[in-house]
Amino acid sequence: MNEPERSNQSPNPAPRILIAGGGTGGHAIPALCVASSLRSMNANVEFVGSVSGIESTLVPKADFPLHALPLTGLAGNPIARARAATLFLKAIRSCKRIIQRFGPGAVLGVGGYASAPAVVAARTLGVPTLLHEQNSVPGRVNRLAGRLTRETLVTFPAALEHLPGAVRVGMPTRPEFFGVSREKALEDLGLEPPVVVVFGGSGGALKLNLAAAGAFAGTTPYTVVQVSGRRDFARLSTQNPRHRILEYVDDIWRYLAAADLVVSRAGAGSLFDIAAVGRAAILVPFPFATGGHQLHNARYFTERGAAELMMDDEVTVESLRRRVERLLDDDEGREELEGRMAALATPDASDGVARRLLAVAGEEKN
Ligand SMILES: CC(=O)N[C@H]1[C@@H](OP(=O)(O)OP(=O)(O)OC[C@H]2O[C@@H](n3ccc(=O)[nH]c3=O)[C@H](O)[C@@H]2O)O[C@H](CO)[C@@H](O)[C@@H]1O
């Protein structure tokens, strides 16, 4: 990686913030939202991530420097776990060097493999850290990391029960989702309404992919856009000219805005993206998410009448098509869902996290 320009000559050097974490889109995308907010506030941002995480493509694309470290999860057989632990310890040493060289005023951990080593390294060097927890039930690592941080920021009110003293800021969401009209999105994408969008988060969801491929591969009196994720894309096909299967789309806000109905997993990012465009949704939580967090994430919306819930074990080719068509036929029901969903969006979360980071970084300097 090229050494970024330093501004040591200036009497008021730009504040420097290090953002650590990633792995899935659910961690990396909100991290990038905060980085963009910080950039617009004239801060200098660098990232620490994992070589295998989605950040290794998304962060350079957004033009931020990335320190990519070899890290893996602490799961699997004893040999894999020992290797992960060794990589974790090495990552703490690498993060210390990165922090000493970059000199951030604050570090933000966003969850994912690289988050905890950076928080530990910052803590030992006396650099203040903040943590952003995306899910309603935090994982073990974030609960532990939360004890080391100056401030913990959360997306869902339910997470406050697990992280005492945390502050609710919502989910950093890309600004493009706000204010894009259905008409413009339909025109830009060349889609004929009504439109159903099916997607399973940043990596895809096999069960949902197979059910959707079966449900919509014949003829449909509506358009279906299925964003499958990279892993499953090659095994899916359709005979239906109104069924598009796409691997991954950077501009998913256009597809969601064009939709009359969305079928989605209940990752935090996906949920708040759907809220940002204010669309009716059927949520199918991933049943094996740590601590059942996807079900809890989904319930925040479904208990407020903002979305419908469909459990993973209810999903079949027939039931999926039935649920989709029932809601597509119910204009009034969808309109109610849309309004309640839009009311739960958190458009200020990204700037809010950025401002808190700059405040903490400023305190340290003074
Ligand atoms: C299986 C699993 O453990 N998933 C977790 C992961 O999900 P995952 O990475 O799927 O996370 P989210 O649903 O939170 O976010 C996915 C993000 O990717 C975007 N997107 C997706 C597809 C695409 O083609 N283009 C695109 O931009 C979505 O709009 C969204 O912003 O992180 C989330 C946040 O910690 C958790 O809540 C999820 O439980």
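For the structure, see preceding data.
These remarks concern the structure in this document. Since the structure is predicted, the reported quantities are computational estimates derived from the model, not experimental observations.

Focus: the pattern of salt bridges
Stage number 1. Evaluated as defined, the whole model comprises 18 salt bridges.
Stage number 2. Between R321 and E325 there is a salt bridge; the shortest N-O distance is 2.8 Å. With R321 and E325 both in helix α12 (residues 317–328), this residue pair falls 4 residues apart, about one helical turn.
Stage number 3. Among the ionic contacts, a cluster of salt bridges with common partners joins K184, D188, D251 and R254.

Side note on the sheet that holds strand β5 (residues 129–133)
Stage number 1. Read from one edge of the open sheet, 7 strands run β3-β2-β1-β4-β5-β6-β7, paired in parallel fashion. Both outer strands of the open sheet, β3 (66–69) and β7 (167–168), are each paired with one neighbouring strand and no more.
Stage number 2. Direction of pairing for strand β1 (residues 16–20) relative to strand β4 (residues 106–109): parallel, over a ladder of 4 bridges. Among the inter-strand pairings, A20 is bridged to a residue of β4, identified as G109.

Let's talk about the packing of helix α7 (residues 206–216) against α12
Stage number 1. Running from N to C, α7 and α12 point in directions that differ by 70 degrees, and their axes come no closer than 8 Å. Comparing the axis directions of α7 and α12 gives the class roughly perpendicular. Residue-level inspection shows A211, A212, G214, A215 and F216 of α7 in contact with α12, the latter providing V317, L320, R321 and V324.

As for the site of the ligand
Stage number 1. Around the ligand sit 23 residues in total, of which N135, S202, G269, S270 and D273 are the nearest.
Stage number 2. One nitrogen or oxygen atom from the side chain of T24 is found 3.3 Å from an oxygen atom belonging to the ligand.
Stage number 3. At a separation of 3.4 Å, an oxygen atom of the ligand approaches a polar side-chain atom of Y248.
Stage number 4. Expressed as a share of its isolated accessible area of 770 Å², the protein-covered part of the ligand is 88%.
Stage number 5. Contributing elements (two or more residues each) for the shell around the ligand: α1 (25–40), α10 (268–277) and α11 (293–302).
Stage number 6. Counted by class, the shell around the ligand contains 7 nonpolar, 14 polar and 2 charged residues.
Stage number 7. When we break the shell around the ligand down by domain, the ones giving at least three residues each are domain 1 (16–170 + 347–365) and domain 2 (176–343).

Reading the values: rules and limits
- Residues numbered from 1 in each chain as written.
- Predicted model: local features only at pLDDT ≥ 70, side-chain atom pairs only at ≥ 80, totals over all residues.
- Heavy atoms only, no water.
- Salt bridge = Lys/Arg side-chain N within 4 Å of Asp/Glu carboxyl O.
- Helix = DSSP H or I, 4+ residues; strand = E, 2+ residues; numbered from the N terminus.
- Pairing = 2+ DSSP bridges.
- Axes fitted to C-alpha atoms, helices over the stretch in contact; angles between N-to-C directions.
- Parallel < 35°, antiparallel > 145°, perpendicular 65-115°, else oblique.
- Contact = heavy atoms within 4.5 Å.
- Near = heavy atom within 4 Å.
- Polar contact = N/O pair within 3.5 Å; in protein donor to acceptor, adjacent residues only side chain to side chain.
- Areas by Shrake-Rupley, 256 points an atom, 1.4 Å probe, with all protein chains shown as cover.
- Nonpolar A, V, L, I, M, F, W, Y, C, P; charged D, E, K, R; others polar.
- Domains from an automatic or database assignment.

Purely geometric numbers; function is a separate question.
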